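# Structural features, examined
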Amino acid sequence: MKLALPSPLVTWLSAIHPQIWVLAIARFLSEVGSGFTAFYAPIFFVNQVGLSATSVGIGLASAATSGFLGRVLGGTLTDTVGWGRRRTLLLAMAISAMGSLVLATTSNFATLVIGSLIHGLGIGFYWPATEAIIADNSQVEHRREAFALTRLADHLGLAIGLVLAGILVTITQNYRWLFVIDAISFAVFFVVAYFAITEPDSPPTQPEQKPQQLTAWFGALSDRIFLTYIAVNIFFTIYISQIHSILPLYFKNSFQVGETMQGFNESTISTLFAWHLVMAIIWQMPVTSLLKRFSHTLALTISAVLWAIGFSLVWITSTTSSHQLIWATLALSIFAIANVAYTPSAASLVTDLAPESQRGVYFSINSLCWAAGSFIGSPLGGWALDQPQIIAQNLWLGFVFSVAIAITILQLLGRVLGSGELGVGSGE
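Structure report, in brief. (Residues numbered from 1 in each chain as written. Predicted model: local features only at pLDDT ≥ 70, side-chain atom pairs only at ≥ 80, totals over all residues. Heavy atoms only, no water.)

## Observations concerning empty space enclosed by the protein
Under the defined criterion, the tally for this structure stands at 5 cavities of 30 Å³ or more. The computed volume of the largest cavity comes to approximately 1200 Å³. What lines the largest cavity is a set of 44 residues, among which Ala 38, His 119, Ile 123, Trp 127 and His 244 lie closest to the centre. Across the lining of the largest cavity, the residue classes tally to 21 nonpolar, 18 polar and 5 charged. (1 Å grid on protein atoms, 1.4 Å probe; cavity = no way out; pocket = protein on both sides within 12 Å on 5 of 7 lines; lining within 4 Å. Points joined across faces, edges and corners; volume = space filled by probe spheres on them. Nonpolar A, V, L, I, M, F, W, Y, C, P; charged D, E, K, R; others polar.)

## Comments concerning the packing of aromatic side chains
Applying the stated rule across the entire model yields 29 aromatic pairs. When the ring of Phe 236 is compared with that of Tyr 239, the centres are 6.4 Å apart and the planes differ by 75°; the resulting orientation is edge-to-face. Highlighted residues: Phe 236 and Tyr 239, both in helix α10 (residues 224-253), separated by 3 residues, approximately one helical turn. What makes Tyr 239 buried here is its relative accessible area of 1%. If you follow Arg 86 out to its NZ or CZ, it ends over the ring of Tyr 194, 5.0 Å from the centre. (Phe/Tyr/Trp six-rings, centres within 6.5 Å; stacked < 30°, edge-to-face > 60°. Helix = DSSP H or I, 4+ residues; strand = E, 2+ residues; numbered from the N terminus. Buried < 20%, exposed > 50% of the residue type's maximum accessible area, 1.4 Å probe, protein only. Lys NZ or Arg CZ within 6 Å of the ring centre and 35° of its normal.)

## With respect to the side chain of Arg 143
Within the secondary structure, Arg 143 sits in helix α7 (residues 143-172). Using a relative accessible area of 6% as the deciding quantity, one classes Arg 143 as buried. Beyond its immediate chain neighbours, meaning those up to four positions away, Arg 143 contacts Ala 135, Ser 138, Ser 348, Thr 351, Asp 352 and Arg 359. (Contact = heavy atoms within 4.5 Å.)

## What to know about the packing of helix α13 (residues 324-353) against helix α14 (residues 359-385)
With their axes 9 Å apart at the nearest point, α13 and α14 run at an angle of 145° to one another. Judged by the sense of rotation from one axis to the other, the crossing of α13 with α14 is right-handed. Where α13 approaches α14, its residues Tyr 342, Ala 347, Val 350, Thr 351 and Leu 353 are matched on the opposing element by Arg 359, Tyr 362, Phe 363, Asn 366 and Trp 370. Here the contact of α13 with α14 is composed, by residue class, of 7 nonpolar, 2 polar and 1 charged. (Axes fitted to C-alpha atoms, helices over the stretch in contact; angles between N-to-C directions. Left-handed = near helix turned anticlockwise from the far one by under 90°.)

See below:
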């Protein structure tokens, strides 16, 4: 007797364009490498290289400055006939690999900044191109699921990379190899993209129809609905920057577990963030399916509330003297669901707002939010961790209160979009 998949699942799977599957596989392979460094880099730079948490926050945030340039150029190149998505993606992978190799040699603050600048430039080129590829090759009614599929591949790769990194660090205590492996993963992505990623069959615009790039940028930056979304999106990216760059270091150095004088050890941190990624993997498609019936702004509001709950749980973790591992596990579980609620709706909303010929520019500006989030979030978190414990603890309460601002902006955005909001329910 043959097992039949549910009809909606069969319909959705058959609707996913082969290019999105190829991109998902490439992103999975690359994120395995990124998982080696994503959560261990701050610990390495502080505890082994000997830099302060503030210096590490500033050093990692320097990637945002080059990332700004990369995102601007990447968005322009992505929309440029004769260059396009594929070549921008290849350029991104080559630059990112070089950045990881420089970070592998870090011995002082200057090297950290140089490596971060190179790496940030590569990531800046990456996001407009990869998001435009998904938008080009997804049907409107399945767009949230298409973005969710690639995020699922990201999370699965990160989880596997994180577990393998924990094993490697435990055995060798050599953090530098983590960055070498990350560079190799970017090279693998480059090869896959070179042979398997193609430009859209029908370019968004022909050369004679294509708007001048400067005009396209001015048009996007004068789109008030889009700019309202950008304002709230920066809040989300600041929150995400804390998970990647500050929270692992906080769990390691900034509070005491029980009666000990130390935080969680590397093995525990690895397990915690592996659990965080497993939760993201488990909930990515169910949450996306559940929230598809809601408007984009309502889905983002739900995500914001979950972020507030997660930060509250981190605050409890740092102030209680018992069951801290349980509270930390709950916090990272909530963060995982908050993140998977955020990403597909945010990317789909940008696709809906962007003129087809200007998707690269719109996704470039959207990606700049991530640069802004890192630029603000990493130094802020690093500074707080270098202060007395009471300030480090209350950092998380500050984020809880900031969610109220984010929700207020989302309500404004919802009203602006009105009853004809793009992407409402099954009518996307």
